[in-house]
Amino acid sequence: MARKLMIVDDSNVIRNRITRGSTRMDFEVVATATNGLEAVELYKQHRPDVVTMDLTMPKMDGLECIYELTNLDESANILVISALSDKATGIKALQLGARGFICKPFTDEDLFEALDEMLEGN
Amino acid sequence: MKEEKLQVFLEGVQKYFHQVMDPEELVVGTPYLVENTVPSAKDFTGVIAISGKNKGIVYFTAPKELLERLLILMGEREITESFMIDLVGEVANTIAGNARSEFGEEFEISVPIVLRGAPDEILLPRKDRSFVIPINWKNRSAAIVISLRKP
């Protein structure tokens, strides 16, 4: 059975790229959100197996959203996909409960590997 | 801004474009300084406001044809103006975000603001100057422009 994926990113182009890449890996995209606020509501409705999370977004940014989602579900599988490439931000995301981090720009292979690792970790 | 810091943006541009195209097709030109009274701009411009330790803006400006081609190379089926606007903002966000590997988390970046043409004096202080990194790809010219005040 396909795993449920939720994509959180304010860019259409990136949401489409992740959708195309993930469906080739037996994921079903059950929801897409353009900011953290939308993501929290959609998470409650869909309970996805994996969430890809941008960090720089309007209304509620990714770090705050990770905090909210892990409060809601401590076993949430969150993969950060962000352009913010400094170590401190990566560490902060992991401390808040993210389980993986890939940096933009990313290749399809980077995405496959990261999603694969998330599934192996379960 | 020192030369080695400019290098971070130069590498960011290369990294972004090499992801989708043959590296030999992309020519990153020598950076130069311009007065902000004559900002460099093409059809669409994605602007990132910088705050924290550094203050200013970083923007990516590109012609329509280059953005169309990039969308196709990225596998996008919808080659519309709204996707070009989205892409120009995303490129700016990625290049500014990647610069935090050098500047650290105090280099705070905003969500992208997308404009048609050039940023005006509201975003670009007229008394300052900007570094322009020109990019040429198959005779289509774009640029990354960095306008940062000394901390």
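On a predicted model such as this, the values are computed, not experimentally measured, just so you know. (Residues numbered from 1 in each chain as written. Chains lettered and ligands numbered in written order. Predicted model: local features only at pLDDT ≥ 70, side-chain atom pairs only at ≥ 80, totals over all residues. Heavy atoms only, no water.)

1. A short note on the pairing of strand S3 (residues 50–53) of chain A
All names here are of chain A. Selection rule: Whether a residue is buried, partly exposed or exposed follows from its accessible area with a 1.4 Å probe, protein chains only, as a fraction of its type maximum: under 20%, in between, or over 50%, in that order. Secondary structure elements are defined from DSSP: runs of H or I of at least 4 residues count as helices, runs of E of at least 2 residues count as strands, and each element is numbered from the N terminus. At least two bridges found by DSSP between two strands are what make those strands a pair. With its strands directed away from the observer, a crossover is right-handed exactly when the path from the first strand over the helix to the second travels clockwise.
Residues Val 50 and Thr 52 point to one face of S3 and Val 51 and Met 53 to the other, with burial holding for every one of them. Pairing of strand S1 (residues 3–8) with S3, which is carried by four bridges, proceeds in the parallel orientation. Across the sheet, the residue bridging to Leu 5 is Val 50, located in S3. Handedness of the crossover joining S3 and strand S4 (residues 78–82) through helix H3 (residues 62–72) is recorded here as right-handed.

2. Brief notes about the pattern of salt bridges
Rules: Throughout this description, the term salt bridge denotes a Lys or Arg side-chain nitrogen within 4 Å of a carboxyl oxygen of Asp or Glu.
By the definition in use, this model includes 13 salt bridges over all chains. The structure contains a network of salt bridges with shared partners spanning Asp 9, Asp 54 and Lys 104 of chain A together with Glu 90 of chain B.

3. Some details on the packing of H3 of chain A against helix H4 (residues 87–96) of chain A
All names here are of chain A. Applicable threshold: Lines fitted to C-alpha atoms define the axes here, with helix axes fitted over just the stretch in contact, and angles between the N-to-C directions of these axes take values from 0 to 180 degrees. Roughly parallel here means an angle under 35 degrees, roughly antiparallel means over 145, roughly perpendicular means 65 to 115, and every remaining angle is called oblique. Note on convention: the crossing is left-handed when the near helix lies turned anticlockwise from the far helix by less than a right angle, right-handed when the turn is clockwise. We call two residues in contact whenever any of their non-hydrogen atoms come within 4.5 Å of each other.
Running from amino to carboxyl end, H3 crosses H4 at an angle of 15°, the nearest separation of the two axes being 9 Å. When the interaxial angle is binned, H3 and H4 end up roughly parallel. Both H3 and H4 take part in a crossing whose hand is right-handed. Contact residues: Leu 63, Ile 66, Tyr 67 and Thr 70 in H3; Thr 89, Lys 92, Ala 93 and Leu 96 in H4.

4. Examining H3 of chain A
All names here are of chain A. How we decide: It is the directions from the helix axis to the C-beta atoms whose arc is reported.
Within H3, burial applies to Gly 62, Leu 63, Cys 65, Ile 66, Leu 69 and Thr 70. Taken down its axis, H3 places every buried residue within 155° of arc, on the same side. Taken together, the buried residues of H3 touch helix H2 (36–46), S3, S4 and H4.

Remember that the coordinates give geometry; whether it matters functionally is a separate question.
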